[in-house]
Amino acid sequence: MDNTLNEISKYVQEGQSIKVRKLTISALEKGYDYKQILNTLIDAMDIIGKKFKKNEVYVPEVLIASRAFNIALDIISPLIDPNVTNYLGKVVIGTVQGDLHDIGKNLVKMMLVGMGFQVIDLGVDISPQEFVDAVKKHDPDIIAMSALLTTTMITMKNTIKLLEEEGLRDNLTVFIGGAPITSNYARTIGADVYSTDAASAAEVAKEIVRNNI
Amino acid sequence: MLDFFQDDELDIIKKNMELFYKITEVNCMLIDDTGNTVFSQGEMFNYCTKFMELTGDKSPCCGAHLYASKQSELLGESYIFFCPGGLVHITCAIIIGNVFRGALVAGPIQMNITDPYVIDNLIKVYNIPISARGILQSYYKIIPIIAPEKVRYLANLLSIITKDIVGDQKYELKKKKDFYLEQKIINENIQEIKEENNFTSKAYPIELERELSGKVRRGDLEGAKAILNELLGYILFKHSGNNDKVISFIIELVVVMSRAAVEGGGNFEEIFEQNIKFYKTAFSIHNVEELCVWIVKVLEKFTELAFKLNKDNVENTNVIKKALQYINNNYNKNISLDEVAKHVNLSPTYFSRFFSKETNMKFSEYLNMVRVEESKKYLLDLKYSISDIAVMMGFSDQSYYTKVFKNYENISPGKYRKMYN
């Protein structure tokens, strides 16, 4: 049996970008669908994320794994969005102000891209004003915010408030997620969707956009 | 720019940078609060010079160094990052007089393997002429390679060296680091609750409060912290967004712990005094996260009051703490006095006397107490028989377990089970 995907996963986890690049190209040549490769990459990062949580690997290992992941992603991205007009919807995504972690946010981004969304990634440490500015500029269907710390959750609330004040809230679906976030919290602050993991976030996003159409 | 740091500060910084460089052979630079380099150890790599030349006025290096060092300030520890040129750096913020004064930035290095796609990426991102590819590639290849696991130690070393520079401020950094660590553990507990299928209907885990009391009573600080974080995870999970509720739950935990301290033999008057102090502080804190950090300190104090150790001699206290930890981790095995004595490098006879003197309790009494406390959570679960529990807790048989249990709780395990189920 062909072992290419397993090898991609293994080398992403080890951060072996040269091997990951070669194998990704070879997987495409062998006829693998980009979605299969994307899922392999996300699974690999998920494994690294779990190991990181259990202190089995540390920041440096996560950094090189993310890098290998991005190299593979660069190769398959042209296949994901061959035609701009075919986007399922537009998402503005970012980790909220004060938060420095982006593994979860990146996973959600990848899943969304994989499903055919156009994703505008604002990065980490994003203030309410920056979110609002991005919404004005890009006019997205969905705004997705991630927080990894309980201290930064409040930024989500402030962002929603600011969106309301600016009259941008009505046609916008607000997604929130991250380790300390719960559905209760989402309700309290007036977010529309809360999801526990990257895969379900992308699924819900797809449903929402379809229903709106 | 040199006058940005006072002479005596700069002396220590330079000395420590030299130390770092000589040991690691990794370049180290001092940046100020605008990201500009003030001083450096080790010669600048051609790769960096060329990259800066090619990016010119738009060179992102200073900004990136500064950004990373501010992250290090926020986290209270060193921060590892890829610089805009695709190389690994480690930074640690220098805080003097509570002000961010700059940072030490160590690097550049490569991790793992030379990655040929870095240069292609730079050309794309910074619009670098393709003709520069060859020269950048050759400069890139000679940047030292250090394995990821070693990079972590380098980061630790840089952090130690910076702490030496910042003097008393290191406690501030430690506070921040502890805060993030606390957050991480609480978040993990929230994640676990989320992953349970019926999480929305899960009732407040009152049994955990009982376990917390048990651990406070017997001086098992590590075990108590783990339970406390689990409880905090639950509270924040269930009531995030409703600060009043969260705060009342946290205050409730103070009550639980102070009762445990009294039951554990702590002095009532002293504990009562502490309670008053704690409540005053609790009501002056309006931020839930600060309360979470604060309650860990409360736990430490109550555990100390419940299980009083003779604190005159720090070394003795440490030996006892080590022994208690060992017992708490291995109570369910057939552990003996000899084994624990060996673990703390003392002879069994001496350890036996030492343990009694420092804890006012015999070794076997303490072990039995731990076993009884731990057995309680299994008694609440009807799938275990009492004889199973006896064996699981390391007792030789059910009748001995029952005898010991009665001795501590004044009721039999069977009655305890009925009472709480």
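Residues numbered from 1 in each chain as written. Chains lettered and ligands numbered in written order. Predicted model: local features only at pLDDT ≥ 70, side-chain atom pairs only at ≥ 80, totals over all residues. Heavy atoms only, no water.

1. Description of the overall build of chain A
Reasoning step 1: Across its full length, chain A holds nine helices and five strands.
Reasoning step 2: Helices (α) and strands (β) of chain A occur, in sequence order from the N terminus, as α-α-α-α-β-α-β-α-β-α-β-α-β-α.
Reasoning step 3: When each of the 213 residues of chain A is scored for burial, the buried share is 52%.
Reasoning step 4: Put simply, 72% of the contacts in chain A that link residues at least 6 apart link residues at least 24 apart.
Reasoning step 5: Per element, the accessible surface of chain A, about 9,600 Å² overall, is 49% carbon and sulfur. (Helix = DSSP H or I, 4+ residues; strand = E, 2+ residues; numbered from the N terminus. Buried < 20%, exposed > 50% of the residue type's maximum accessible area, 1.4 Å probe, protein only. Contact = heavy atoms within 4.5 Å. Areas by Shrake-Rupley, 256 points an atom, 1.4 Å probe, with all protein chains shown as cover.)

2. With respect to the interface of chain A and chain B
Reasoning step 1: On the side of chain B, 36 residues touch chain A, which itself brings 36 residues to the contact.
Reasoning step 2: Between chain A and chain B, roughly 3,200 Å² of surface is buried when both sides are summed, and carbon and sulfur atoms account for 59% of that area.
Reasoning step 3: Counting across the interface, chain A meets chain B through zero salt bridges.
Reasoning step 4: In this structure, the connection of chain A to chain B is made through one residue pair in polar contact (both at pLDDT 80 or more).
Reasoning step 5: Mapped by element, the contributors of at least two residues to the side of chain A that touches chain B are helix 2 (17-29), helix 4 (59-80) and helix 8 (183-189) of chain A. (Buried area = accessible area lost by both parts, 1.4 Å probe. Salt bridge = Lys/Arg side-chain N within 4 Å of Asp/Glu carboxyl O. Polar contact = N/O pair within 3.5 Å; in protein donor to acceptor, adjacent residues only side chain to side chain.)

3. Remarks on the sheet that holds strand 5 (residues 193-194) of chain A
Residues and elements named next belong to chain A.
Reasoning step 1: Spatially, 2-1-3-4-5 is the arrangement adopted by the five strands of the open sheet, whose pairing is parallel. Bordering the open sheet on either side are strand 2 (118-121) and strand 5, each of which pairs with just one other strand.
Reasoning step 2: Of the strands in this sheet, strand 1 (90-95), strand 2 and strand 3 (142-146) are in contact with helix 6 (residues 128-138), which crosses strand 1 at around 165°.
Reasoning step 3: Lying on the sheet, helix 7 (residues 153-165) is in contact with strand 3 and strand 4 (173-177); it crosses strand 3 at an angle near 155°. (Pairing = 2+ DSSP bridges. Axes fitted to C-alpha atoms, helices over the stretch in contact; angles between N-to-C directions.)

4. Things to note about the pairing of strand 1 (residues 28-32) of chain B
Residues and elements named next belong to chain B.
Reasoning step 1: In terms of burial, strand 1 is largely enclosed, as five of its five residues are buried.
Reasoning step 2: Counting the residues in the hairpin turn of strand 1 and strand 2 (residues 37-41) gives four residues, including G35, whose phi is positive at 95°.
Reasoning step 3: For strand 1 and strand 5 (residues 99-111), the ladder comprises five bridges, and the chain directions are antiparallel. In the sheet register, I31 faces strand 5, and the bridge partner there is A103.

5. Some remarks on the packing of helix 1 (residues 4-14) of chain A against helix 2 of chain A
Residues and elements named next belong to chain A.
Reasoning step 1: One can describe the packing of helix 1 onto helix 2 by two numbers: an axis separation of 9 Å at closest approach and a directional angle of 160°. One finds that helix 1 runs roughly antiparallel with respect to helix 2. Classified by chirality, the crossing of helix 2 by helix 1 is left-handed. Listed contacts from helix 2 to T4, E7, I8, Y11 and V12 of helix 1 are K19, V20, L23, T24, S26 and A27. (Parallel < 35°, antiparallel > 145°, perpendicular 65-115°, else oblique. Left-handed = near helix turned anticlockwise from the far one by under 90°.)

6. A closer look at the packing of aromatic side chains
Reasoning step 1: Within the structure shown, the criterion is met by 16 aromatic pairs over all chains.
Reasoning step 2: Between Y79(B) and F81(B), the ring centres sit 6.3 Å apart and the planes meet at 25°, which makes this aromatic pair stacked.
Reasoning step 3: Residue classification places Y79(B) among the buried positions, given a relative accessible area of 19%.
Reasoning step 4: A residue is classified by how much of its surface remains accessible, and F81(B), at 6% relative accessible area, is buried.
Reasoning step 5: The structure contains a cluster of three or more aromatic residues connected by ring pairs, namely F395(B), Y400(B), Y401(B), F405(B) and Y416(B).
Reasoning step 6: We note R152(B) situated over the ring of Y58(A); from NZ or CZ to the ring centre the distance is 3.4 Å. (Phe/Tyr/Trp six-rings, centres within 6.5 Å; stacked < 30°, edge-to-face > 60°. Lys NZ or Arg CZ within 6 Å of the ring centre and 35° of its normal.)

7. So, the pattern of salt bridges
Reasoning step 1: Under the definition given, this model contains 23 salt bridges over all chains.
Reasoning step 2: Linking D121(A) and K109(A) is a salt bridge whose minimum nitrogen-to-oxygen distance equals 3.2 Å. Linking D121(A) in strand 2 with K109(A) in helix 5 (residues 103-115), this pair joins segments that are twelve residues apart in sequence.
Reasoning step 3: A residue is classified by how much of its surface remains accessible, and D121(A), at 28% relative accessible area, is partly exposed.
Reasoning step 4: Through salt bridges with shared partners, one network takes in E211(B), K215(B), R218(B), D220(B), E374(B) and K377(B).

8. A closer look at the environment of E365(B)
Residue and element names in this part refer to chain B.
Reasoning step 1: Following the sequence through the fold, E365 ends up in helix 16 (residues 363-379).
Reasoning step 2: By relative accessible area, E365 is classed as partly exposed at 36%.
Reasoning step 3: A distance of 2.7 Å separates a polar atom in the side chain of E365 from the backbone nitrogen of K362.

9. Quick word on the packing of helix 9 (residues 221-239) of chain B against helix 12 (residues 288-306) of chain B
All names here are of chain B.
Reasoning step 1: Contact geometry for helix 9 and helix 12: axes closest at 11 Å, N-to-C directions at 150°. If you check the angle between helix 9 and helix 12, you find them roughly antiparallel. Read as a crossing pair, helix 9 and helix 12 show a hand that is right-handed. Contacts between helix 9 and helix 12 pair L221, A224, K225, L228, L232 and L236 from the former with V288, C292, I295, V296, L299, E300 and T303 from the latter.
Reasoning step 2: For the contact of helix 9 with helix 12, a count of residues per class yields ten nonpolar, one polar and two charged. (Nonpolar A, V, L, I, M, F, W, Y, C, P; charged D, E, K, R; others polar.)

10. Digging into the confidence of the model for chain B
The predicted structure's coordinates, where accompanied by low pLDDT, should not be read in detail.
Reasoning step 1: Averaged over every residue, the pLDDT of chain B is 86; the share at 70 or more is 95%.
Reasoning step 2: The secondary-structure element of chain B with the lowest mean pLDDT is helix 7 (residues 170-195) of chain B, recorded at 73, while strand 1 of chain B shows the highest, at 95. (pLDDT = per-residue confidence, 0-100.)

11. Some words on helix 8 (residues 206-217) of chain B
Helical geometry: 3.6 residues make up each α-helical turn, so side chains three or four residues apart lie on a common side.
Residue and element names in this part refer to chain B.
Reasoning step 1: With twelve residues, helix 8 extends 17 Å from end C-alpha to end C-alpha; this agrees with the ideal 16 Å at 1.5 Å per step.
Reasoning step 2: Counting buried positions along helix 8 gives nine out of twelve residues, so the element sits mostly inside the fold.
Reasoning step 3: When helix 8 is considered as a whole, its buried residues turn out to be L208, E209, E211, L212, S213, G214, K215, V216 and R217.
Reasoning step 4: Those residues of helix 8 that are buried lie in contact with helix 9, helix 10 (243-263), helix 12 and helix 16.
Reasoning step 5: Two residues or fewer past helix 8, G219 is found with a positive phi of approximately 75°. (Expected span 1.5 Å × (residues − 1).)

12. Structural notes on a nonpolar patch on the surface
All names here are of chain B.
Reasoning step 1: A surface patch of nonpolar side chains, amounting to about 360 Å² of accessible area, comprises V262, F268, F272 and I276.
Reasoning step 2: Among the elements that line the nonpolar patch, the one with the most residues is helix 11 (residues 268-284), at three residues.
Reasoning step 3: Secondary-structure assignment places F268 in helix 11. (Patch = residues over 30% accessible without salt bridge, like charges linked within 9 Å, V, L, I, M, F, W, Y side chains within 5 Å.)

13. Some thoughts on the environment of L228(B)
Residues and elements named next belong to chain B.
Reasoning step 1: Following the sequence through the fold, L228 ends up in helix 9.
Reasoning step 2: Under the relative-accessibility criterion, L228 is labelled buried at 0%.
Reasoning step 3: It is 8.6 Å that separates the C-alpha atoms of L228 and L253, two residues lying 25 residues apart in sequence.

14. Some details on the pairing of strand 5 of chain B
Residues and elements named next belong to chain B.
Reasoning step 1: Judged by how many residues are buried, strand 5 sits mostly within the fold: twelve of 13 residues are covered.
Reasoning step 2: In this structure, strand 4 (residues 88-96) lies alongside strand 5, joined through eight bridges in antiparallel fashion. Within strand 5, the position partnered with V88 by the bridge is I109.
Reasoning step 3: Linkage of strand 4 to strand 5, two consecutive antiparallel strands, is achieved through a turn of two residues, within which G97 is found at a positive phi near 60°.
Reasoning step 4: Across two bridges, the pairing between strand 5 and strand 6 (residues 145-146) is parallel. Bridge pairing links Q110 to I145 in strand 6.

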